[in-house]
Amino acid sequence: MQNKIWWKRLKPFRIGAGWRIVFNKLEDIEPDQIVSDDKEWGFLFVEDITYMVKEVTYKENKQTIKHTIAIDLGWYPDGDPGGNYRLVTILDDNWENPVLTVETRSTQEIVDTMELWMFETIPFQSDHWVKKVKNRTL
């Protein structure tokens, strides 16, 4: 691992409108580039890597409806060289029923998927998307 300032090692990715990054520790390295006994596994590939949220507010029947959409990225099992990334989209903190899920060992595939979700799957005007999820028509 190169001895650089930590934030210069982060994997670049585009953020869709309205999204807020709560934390991000996704580094610009593919897991298969690290030997299995490297101590970096315990620091880079952990359950809490990236967490982003988007608040959605709209009017329905003269009431204001609010929802929170979250994208969460982790490595499972934590620190295990045999594990993989797990990327999920959560609606209103319903962690038992993720709306979208991807599992892979590819850092680039994770970035491509996050960007796809933020820009195309969960559109800027997210109220229609939320209604489809709530009605199970997505």
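Residues numbered from 1 in each chain as written. Predicted model: local features only at pLDDT ≥ 70, side-chain atom pairs only at ≥ 80, totals over all residues. Heavy atoms only, no water.

Asks: Explain unusual backbone geometry to me, please; I cannot follow it from the model alone.
Replies: Excluding glycine, most residues fall at negative phi; most peptide bonds, likewise, are trans. Cis geometry is found at the peptide bond from tyrosine 76 to proline 77, where omega equals -15°. With respect to the element layout, proline 77 can be found in the loop between strand S3 (63-76) and strand S4 (84-91). In this structure, asparagine 61 takes a positive phi of about 50° despite not being glycine. Relative to the helices and strands, asparagine 61 resides in the loop between strand S2 (50-60) and S3. According to the relative accessible area criterion, asparagine 61 is exposed, its value standing at 72%. (Helix = DSSP H or I, 4+ residues; strand = E, 2+ residues; numbered from the N terminus. Buried < 20%, exposed > 50% of the residue type's maximum accessible area, 1.4 Å probe, protein only.)

Asks: How should I be thinking about the pattern of salt bridges in this particular structure?
Replies: Opposite charge on two side chains lets them pair, provided their charged atoms get close. For the coordinates displayed, the defined rule picks out five salt bridges. A salt bridge links glutamate 27 to arginine 9, with the nearest nitrogen and oxygen atoms 2.9 Å apart. Placement of the pair is glutamate 27 in the loop between strand S1 (20-24) and helix H1 (41-44) and arginine 9 in the segment before S1, with a sequence separation of 18 residues. (Salt bridge = Lys/Arg side-chain N within 4 Å of Asp/Glu carboxyl O.)

The quantities given are spatial measurements derived from coordinates; they are silent on function.
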